[in-house]
Protein chains: 2
Amino acid sequence: MGLPRVAGFRASGIASGIKAEGADLALLLSDRPAAAAGVFTRSRLPGAPVLVSRRRLRSGHARGVVVNSGIANVGLGSAGLRRAEAMCELAARAVGCGGRELLVASTGVIGEPLPLAKLRRGIPAAAAALSRDGWPAAARAIMTTDSVPKLETSRYRVRGHPVRVLGIAKGSGMIEPDMATLLAFLVTDAAVSPAWLRRLWRETVEATFNRVTIDGETSTSDMALVLANGASGAPEVRGARSPGARGLREALLEVCTELARSLARDGEGATKLVTVEVSGARSRAEAERAARRVANSLLVKTALFGQDPNWGRILQTLGAAQVRLVLERVEVRLCGVPVFRGGGAAGPAARRRAGARLGRPEVEIAVHLGAGRARARLWTCDLSYDYIRINAEYTT
Amino acid sequence: MGLPRVAGFRASGIASGIKAEGADLALLLSDRPAAAAGVFTRSRLPGAPVLVSRRRLRSGHARGVVVNSGIANVGLGSAGLRRAEAMCELAARAVGCGGRELLVASTGVIGEPLPLAKLRRGIPAAAAALSRDGWPAAARAIMTTDSVPKLETSRYRVRGHPVRVLGIAKGSGMIEPDMATLLAFLVTDAAVSPAWLRRLWRETVEATFNRVTIDGETSTSDMALVLANGASGAPEVRGARSPGARGLREALLEVCTELARSLARDGEGATKLVTVEVSGARSRAEAERAARRVANSLLVKTALFGQDPNWGRILQTLGAAQVRLVLERVEVRLCGVPVFRGGGAAGPAARRRAGARLGRPEVEIAVHLGAGRARARLWTCDLSYDYIRINAEYTT
């Protein structure tokens, strides 16, 4: 395998002192202008970095991203915007590019100002540390209460050119005293037109990061960015029929799927990764609604923590989801074991078998609604004592 | 005060053996036909008792209600319907009325058949135990994991006639292995036309029981019923201008408000009753959506458990609620203390004061959105280790 690298990209992660300890500042940089696209939180109170990066992406190009953890730069109005711009400016000066060529992201405490003095010292150090092998350090520097760094790679070939895709993400940790944030940054040496990259990225995020739900919360700072710099030498992808279009789509999907699953697996207090599959829905929207309802149900999540094959709670949640279902055709399977089918419960043997399988680190709830052909899938985690501990025991 | 009584009504609560221990069967009976109305779960998978009682209420009249706890009679299709009908029939025979004059409710485990043999012995015993003073026993017999029985009364006068309103309810307990159910039964000796009672009841439930949210779940068995038998001798209320109309409305509201607050206070694992007030919304619907989002937010509920005056989590939740808000005019108060106002956080002194007040058994989150004049209120509770324990530690 070797170290994860992507042609023309360098990365770094260092400790700047924004956090009391550990790395908290990352730089990702392309040696040439790259096509760039982003998907952002739908919150009506987005953080300053979201506003700044969204605006800069209108050009369809960027050279890199500067990211800090520890303070989210949210809730401070125009003062926050000025600090987000200043952070980009400091980074641009340190790496020698235009100030508008960099994107910015922050995650951490809200309502506190970004400490520019620390960034003035930290950003040049992060620039000096940039390296082709800096991705694991960058993945660590963007973490908040994530328990492990998240980094995934994929590769494919187009007309003899090897193309690489690499992604890092941080999740569903909370940072005192505030909120979960999803940040994901992908880089590839594929050549892609900005218009196609924007479309492809929206589809990829919808199918992967938007399929993760930890506790039904939406952060003010969520952001997923992709940069494609063309350094592989492969021909430019401009649409679905371009050479390499399929390879690119699959590689992005693969990296983002693995990152999304890592985020769910590492949800706060999680003891298991849970996949919720809903099929047999009347429409895609109803499949999605039913899956979200099941994935966010506290009763279902606590039952999974307790390894209880409780189809009753799943049925109750489906009943409340206001989707069409035909009880006689409804089927609920837990880790492949049917526990409710055709309007009746499976016997105690099936229940026991399902209960034993719920002890695995990856479990699956599959529901067929019997009302149509649409389906949806989500990843989530269980709800444990540790979620309460992490989120209640911080006291100001 | 004396014992809670309502003219012309009797009640009882006994142990029939459906539960391993404790009372589990209640009868409520009027000595004459009463106007009756009901509001039921919006679940698409309602239990058999919901279907039977809803159908019977089309007549606008009923004599009483037979209720069991321990088994919910949900998820068994036509076999469940037959057992719910049989339960009414047994009760009608025991009390000497027509089988179609009784309503039925069940709460408890889903997917298991109602044990008719136990009901055949228990229902005559419950009928023999009927008494004017049987309300506390009935309130206890409908409990599942509620920690206390819930009974409230009110009274008013119309042209010299004393009129009484009495209600019992059970909440937000879970019963192994299944779900929270809200059951509420009100009786009054007011005389009310069925049409007016239906309208008044819908409004009352909307303003009280529908303002409670424990964990965002909707049960398959939720049901709130009211019976008005006219035994007070007061003139019949047929509309808003009838004599006594205002007294009736206020007494129903008072009893249901107190019951609703008890339900929230006694939510599973709750350590405090939480009132969420949203004002300054663009519309009633947006006020309601914002309040529900805050009341159901795991991050907010765990912060309350931890007595953390965390306005950041409240702002985040409001941002995600997709309602209009004007940040410069947004105000967040915790137990009366402003902690965020006009786009900025209050100082550490206010935070400390708010934190201290969050230790009280009843706390309030008040949010002004700065976008209009609409408001909404909800009652909920915090989220503690005990919620996880209650809901995870049952294993089949």
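Residues numbered from 1 in each chain as written. Chains lettered and ligands numbered in written order. Predicted model: local features only at pLDDT ≥ 70, side-chain atom pairs only at ≥ 80, totals over all residues.

### Some points on the overall build of chain A
Per the secondary structure count, chain A includes 11 helices and 14 strands. Against the 2.2 N^0.38 benchmark of 21 Å for 396 residues, chain A shows a C-alpha radius of gyration of 22 Å, consistent with a compact globule. Its C-alpha atoms give chain A principal-axis dimensions of roughly 70 × 55 × 40 Å. When each of the 396 residues of chain A is scored for burial, the buried share is 61%. Sequence-distant contacts in chain A: of pairs separated by 6 or more residues, those separated by 24 or more amount to 79%. (Helix = DSSP H or I, 4+ residues; strand = E, 2+ residues; numbered from the N terminus. Rg over C-alpha atoms; globule rule 2.2 N^0.38 Å. Buried ≥ 20, exposed ≤ 12 C-beta atoms within 10 Å, placed from the backbone. Contact = placed C-beta atoms within 7 Å.)

### A word on unusual backbone geometry
Phi is positive for Gln307(B), which is not a glycine, with a value near 55 degrees. Residue class for Gln307(B) comes out buried when judged on the 21 C-beta atoms lying within 10 Å of it.

### So, the sheet that holds strand 10 (residues 331-334) of chain A
Residues and elements named next belong to chain A. Strand order in this open sheet of 6 strands is 12-11-10-13-9-14, and the pairing throughout is mixed. Two strands close off the open sheet at either side, each with one partner strand: strand 12 (344-345) and strand 14 (374-381). As paired elements, strand 9 (residues 273-281) and strand 13 (residues 362-368) share 7 bridges and run parallel to each other. Note on strand 13: the bridge partner recorded for Val 274 is Val 363. Sheet strands touched by helix 6 (residues 245-265): strand 9 and strand 14. Its angle to strand 14, the strand with the most contacts, is close to 50 degrees. (Pairing = 2+ DSSP bridges. Axes fitted to C-alpha atoms, helices over the stretch in contact; angles between N-to-C directions.)

### Remarks on the sheet that holds strand 9 (residues 273-281) of chain B
Working definition: the strands of a sheet are paired by backbone hydrogen bonds and lie parallel or antiparallel to each other. Residue and element names in this part refer to chain B. Across the sheet, which stays open at both edges, the 6 strands sit in the order 12-11-10-13-9-14 with mixed pairing between neighbours. Edge positions in the sheet fall to strand 12 (344-345) and strand 14 (374-381), since each of these pairs with one other strand and no more. Relative to strand 11 (residues 337-341), strand 10 (residues 331-334) runs antiparallel, the two being bridged by 4 bridges. Looking across to strand 11, one finds that Val 332 is bridged to Phe 340.

### Some remarks on the packing of helix 1 (residues 48-56) of chain B against helix 2 (residues 77-95) of chain B
Two measures define how a pair of helices packs: the angle their axes make with one another and the distance between the axes. Residue and element names in this part refer to chain B. Contact pair helix 1 / helix 2: the axes reach a minimum separation of 8 Å and the direction vectors enclose 60 degrees. By the angle between their axes, helix 1 is oblique relative to helix 2. When you trace helix 1 past helix 2, the crossing you get is right-handed. Contact residues: helix 1 offers Ala 48, Pro 49, Leu 51 and Val 52, while helix 2 offers Gly 80, Leu 81, Arg 83, Ala 84, Glu 85 and Cys 88. Of the residues contributing to the contact of helix 1 with helix 2, the split by class is 7 nonpolar, 1 polar and 2 charged. (Parallel < 35°, antiparallel > 145°, perpendicular 65-115°, else oblique. Left-handed = near helix turned anticlockwise from the far one by under 90°. Nonpolar A, V, L, I, M, F, W, Y, C, P; charged D, E, K, R; others polar.)

### What about the relation of the copies chain A and chain B?
Least-squares fitting of chain A to chain B yields an RMSD of 0.1 Å, with the transformation described by 0.0 Å of translation along the axis and a rotation of 180 degrees. Here the copies are linked by what is in effect a two-fold axis. Residue Tyr385(A), judged by its C-alpha, is the member of chain A lying nearest the rotation axis, at 2.9 Å. Interface residue correspondence from chain A to chain B reaches 100%, placing this contact among same-surface, isologous pairings. (Least-squares fit on C-alpha atoms with pLDDT ≥ 70 in both.)

### A word on the interface of chain A and chain B
Taken together, the contacts link 50 residues of chain A with 50 residues of chain B. The set of elements that each furnish at least two residues to the side of chain A that touches chain B consists of helix 8 (298-305), helix 9 (311-320), helix 10 (348-357) and helix 11 (385-392) of chain A. Per element, the largest residue contribution to the side of chain A that touches chain B is 7 residues, and it comes from helix 9 of chain A.

### Structural notes on helix 7 (residues 284-296) of chain A
Three- or four-residue spacings in an α-helix give side chains the same orientation, since the helix completes a turn every 3.6 residues. Residue and element names in this part refer to chain A. Between its first and last C-alpha atoms helix 7 spans 18 Å; for 13 residues at 1.5 Å apiece the expected length is 18 Å, and the two agree. Along helix 7, the residues that are buried comprise Glu 286, Ala 287, Glu 288, Ala 290, Ala 291, Arg 293, Val 294, Ala 295 and Asn 296. Buried residues along helix 7 sit in contact with strand 9, helix 8, helix 9, strand 13 and strand 14. (Expected span 1.5 Å × (residues − 1).)

### Concerning the domain arrangement of chain A
Residue and element names in this part refer to chain A. Examined at the domain level, chain A breaks down into domain 1 (9-265) and domain 2 (273-392). Taking the mean C-alpha position of each, domain 1 and domain 2 sit 33 Å from one another. Taken together, the residues of the side of domain 1 that touches domain 2 sort by class into 5 nonpolar, 3 polar and 3 charged. (Domains from an automatic or database assignment.)

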